[in-house]
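Report on the structure
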Amino acid sequence: QVQLVESGGGLVQPGGSLTLSCAASGNIFRINAMGWYRQAPGKQRELVATISSGGSINYADSVKGRFTISRVNAKNTLYLQMNSLKPEDTAVYSCNAEGWYRSGAAYYFNRWGQGTQVTVSS
């Protein structure tokens, strides 16, 4: 049983900044990879950035140099610092985590949060 809750979305002007957070809770044994994904209306969900438990990071080309993904393993929390935001960044941003939870034995999970809306507009 693992839950992910995102926060930090909202309305921001082009060129502005926003920070998203994702808190994981439950009977977590180990979280391996975590990531941010986004989906704009009429478009497929796309990868924004991922980070492994060891700190290996992957960014989409569209956000490279502007966004920074990080995590605090001891708090099971994921962050996305978004700078120099553009209108095309407007989307629902969702947090994903995969790993293992404890329920008598260890079981694999791949869980999504409910998403948070980010709107970049003047």
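Residues numbered from 1 in each chain as written. Predicted model: local features only at pLDDT ≥ 70, side-chain atom pairs only at ≥ 80, totals over all residues. Heavy atoms only, no water.

With that settled, consider the environment of Ala 97. Counting through the fold element by element, Ala 97 comes out in strand S9 (residues 91–103). Once residues within four sequence positions are removed from consideration, Ala 97 is found in contact with Leu 4, Ile 31, Ala 33, Met 34, Phe 109, Asn 110 and Arg 111. (Helix = DSSP H or I, 4+ residues; strand = E, 2+ residues; numbered from the N terminus. Contact = heavy atoms within 4.5 Å.)

Across nine bridges, the pairing between strand S4 (residues 28–39) and S9 is antiparallel. Looking at the pairing, Arg 30 lines up with Trp 100 of S9. Here S9 runs beside strand S11 (residues 116–120); their pairing, made up of three bridges, is antiparallel. Bridge assignment links Val 92 to a residue of S11, and that residue is Gln 117. (Pairing = 2+ DSSP bridges.)

Let us look at the pattern of salt bridges. Tallied over the entire structure, the rule returns four salt bridges. Here Arg 38 makes a salt bridge to Glu 46, at a shortest N to O gap of 2.7 Å. By relative accessible area, which is 35% here, Glu 46 ends up partly exposed. Note that Arg 66 is salt-bridged to Asp 89, the shortest N-O span being 2.8 Å. With a gap of 23 residues between them, Arg 66 in the loop between strand S6 (57–59) and strand S7 (67–72) and Asp 89 in the loop between strand S8 (77–82) and S9 connect regions that are remote in the sequence. A relative accessible area of 10% places Arg 66 in the buried class. Within the structure, one salt-bridge network assembled from shared partners comprises Arg 38, Glu 46, Arg 66 and Asp 89. (Salt bridge = Lys/Arg side-chain N within 4 Å of Asp/Glu carboxyl O. Buried < 20%, exposed > 50% of the residue type's maximum accessible area, 1.4 Å probe, protein only.)

Moving on to the state of the cysteines. For the structure on display, the rule yields one disulfide. The partner cysteine of Cys 22 in its disulfide is Cys 95, sulfur to sulfur 2.1 Å. Across the disulfide from Cys 22 to Cys 95, rotation about the S-S bond amounts to roughly -75°, and the bridge is consequently left-handed. A residue pair is termed long-range when its members are at least 10 positions apart, and Cys 22 in strand S3 (residues 18–26) and Cys 95 in strand S9 qualify at 73 residues. Under the relative-accessibility criterion, Cys 22 is labelled buried at 0%. Residue Cys 95 is classed as buried on the basis of its relative accessible area, which comes to 0%. (Disulfide = S-S within 2.5 Å.)

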